[in-house]
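# Chains, contacts and geometry: an overview
Spelled out, the chains give:
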Amino acid sequence: MAVDLLAIAAFNAAYAHAIDSEALEQWPGFFTARCHYRITHVENEREGLPAGIVYADSRAMLEDRIAALREANIYERHRYRHLLGLPLVDSASADGAVARTPFMVARIMHTGQAELFATGAYRDRFVVEQGRLLLAERVAVCDSTVTDTLMALPL
């Protein structure tokens, strides 16, 4: 499998579709078993601070997060719509790639109210495992340092 701009863009489209269509159980499948997923903001990233608004270091942690959303957490129902820019591929080979992709995420509440929820960029490290492109690392770096208290769904 050649990892290139088109492969990464198609991967990102499928990733966003899983979240936006509320097929959240599919979301962890976009990651390797030992992965890193973090949502942070630009100042924390600039300062090299490892803390995140959301942090997971395995696919199992991502699966637990979705199970908690479905079974335990109480939050106002909403959904997302991702708008993704073209990935900027920093490096690529047959084994993986490093890329950055800008995003905008609108949040649509159960009332129908829609608002811009988050903007930023994914900083990704992709690997190819058994012929599939997967995320070994995704850091969603949000532009705003203000985080809504309702960040239930993954970005």
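Refer to the structure presented above.
Residues numbered from 1 in each chain as written. Predicted model: local features only at pLDDT ≥ 70, side-chain atom pairs only at ≥ 80, totals over all residues. Heavy atoms only, no water.

## Some thoughts on the overall build of the protein chain
Just so we agree on the cut-off: Strands here are runs of E lasting at least two residues and helices are runs of H or I lasting at least four, both read from the DSSP assignment and numbered beginning at the N terminus. Put simply, the radius of gyration uses C-alpha atoms, and a globule should come to 2.2 Å times the residue count raised to 0.38. Under the scheme applied here, a residue whose accessible area is under 20% of the maximum for its type counts as buried, over 50% as exposed, and between as partly exposed, the area being computed with a 1.4 Å probe on protein chains only. Any two residues whose heavy atoms approach within 4.5 Å are treated as being in contact. Surface exposure here means Shrake-Rupley accessible area, sampled with a 1.4 Å probe, where a residue is shielded only by the protein chains that are shown. Counted as positive: Lys and Arg. Counted as negative: Asp and Glu. His and the chain ends are not counted at all. Here the site of a charge means atom NZ of a Lys, CZ of an Arg, CG of an Asp or CD of a Glu.
Each helix and strand counted, the protein chain has three helices and seven strands in total. The linear arrangement of helices and strands in the protein chain, starting from the amino end, is α-β-α-β-α-β-β-β-β-β. For the protein chain, whose C-alpha radius of gyration is 15 Å, the value lies close to the compact-globule estimate of 15 Å for 155 residues. Overall, the protein chain is about 45 × 30 × 25 Å in size when its C-alpha atoms are taken along their principal axes. Going through the 155 residues of the protein chain one by one, you find that 43% of them count as buried. Contacts spanning at least 24 positions in sequence make up 60% of the contacts within the protein chain whose residues lie at least 6 apart. By element, 53% of the accessible surface of the protein chain is carried by carbon and sulfur atoms, the whole surface being about 8100 Å². When the 15 basic and 20 acidic side-chain charges of the protein chain are each reduced to a single mean position, those positions are 1 Å apart.

## Considerations on the environment of aspartate 124
Applied cut-off: Between N or O atoms, a polar contact is any pair within 3.5 Å; within protein, one atom must be a potential hydrogen donor and the other a potential acceptor, and residues adjacent in sequence are included only when both atoms are from side chains.
Inspection of the secondary structure puts aspartate 124 in strand S6 (residues 114-129). Judged by its relative accessible area of 3%, aspartate 124 falls in the buried class. The sequence separation of aspartate 124 and glutamate 63 amounts to 61 residues, and the corresponding C-alpha distance is 19 Å. The contacts of aspartate 124, once residues within four sequence positions are left out, are Asn12, Ala97, Val98, Ala99, Leu135, Glu137, Arg138 and Val139. A distance of 2.7 Å separates polar atoms of two side chains, one belonging to aspartate 124 and the other to arginine 138.

## What about the nonpolar core?
One recurring pattern in soluble globular proteins: nonpolar side chains tend to sit buried together. Where we set the bar: By nonpolar core is meant a set of buried Ala, Val, Leu, Ile, Met, Phe, Trp, Tyr and Cys residues that side-chain atoms within 4.5 Å join together.
Counting residues in each nonpolar core, the largest one holds 36 residues, and the members touching the most others are Tyr15, Phe31, Tyr37 and Leu155. At six residues, the largest contribution of residues to this core is made by helix H1 (residues 5-20).

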